[in-house]
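Observations on the model geometry
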Amino acid sequence: MIQRLTERPNAVIFFALSALAFIIRISFLQYLQFDGLYGQDAYAYYDWSREFITYISDFQIPPKFFYWPAGYFIFSAAMNLLCFGSLSASTLLLSLLSGSLLGGVMYLLTFELLKNYTETLRAKKYSMLAGLIICFAGSAVRSSIVVMSDAPGIVLLASGMLFLAKYFNEPKRYRLVLSF
């Protein structure tokens, strides 16, 4: 099966790893009957997301005492629009999707780093192994089923590294811009 999968385009492998990671994370949520809110930080992210959405929907700039950087809350507000106003579902879905994409992004990053140093089949096999490790890694699973900025932050970091590696392999200015 791995042999057949390595013959597929990178996009297919990316989506397969992301779907596998999504199924793993959904299984944990379903089995544990978990809502994503655990610990002081998760509740703080949830409450501040609600505050940020309130400010934005009232066309106001968050006040100076807004403690957190706005990056996570911009993503949670956008996800809230997609979930039709269910903040608990949207913040959990943001972490869930970010963590699920990480396995696929890690595959692409590893492949980009290895493709010039070994044959394509071997590079794909090692890259799939790296993606599978991230799919099942306890820390990656935990951070993507809790309402926090850990999973979105790490997938953005890995994506930046991917575009930087792509830039070094084939220098095009837009890749350098996307890496930032």
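The present account deals with the structure reproduced in this document. (Residues numbered from 1 in each chain as written. Predicted model: local features only at pLDDT ≥ 70, side-chain atom pairs only at ≥ 80, totals over all residues. Heavy atoms only, no water.)

Let us look at the side chain of Ser 90. Looking at the secondary structure, you find Ser 90 in helix H5 (residues 87-114). Relative accessible area serves as the criterion here: at 0%, Ser 90 is assigned to the buried category. (Helix = DSSP H or I, 4+ residues; strand = E, 2+ residues; numbered from the N terminus. Buried < 20%, exposed > 50% of the residue type's maximum accessible area, 1.4 Å probe, protein only.)

Our next topic: the nonpolar core. Nonpolar side chains tend toward joint burial in soluble globular proteins. Core analysis: the largest hydrophobic core is formed by 20 residues, its most contacted members being Tyr 45, Tyr 72 and Val 147. Of all the secondary structure elements, the ones that give two or more residues to this core are helix H3 (39-57), helix H4 (71-82) and H5. At 5 residues, H3 tops the list of elements feeding residues into this core. Apart from the residues lying within four places of it in its own chain, the contact partners of Tyr 72 are Tyr 45, Ser 49, Thr 91, Leu 94, Ser 95, Val 147, Met 148, Ser 149 and Pro 152. The next biggest cluster of nonpolar side chains, apart from the first, holds 10 residues, and it includes Ile 13, Ala 21, Ala 123 and Cys 135. (Core = buried A, V, L, I, M, F, W, Y, C linked by side-chain atoms within 4.5 Å. Contact = heavy atoms within 4.5 Å.)

On their own, these measurements won't tell you what the molecule is for.
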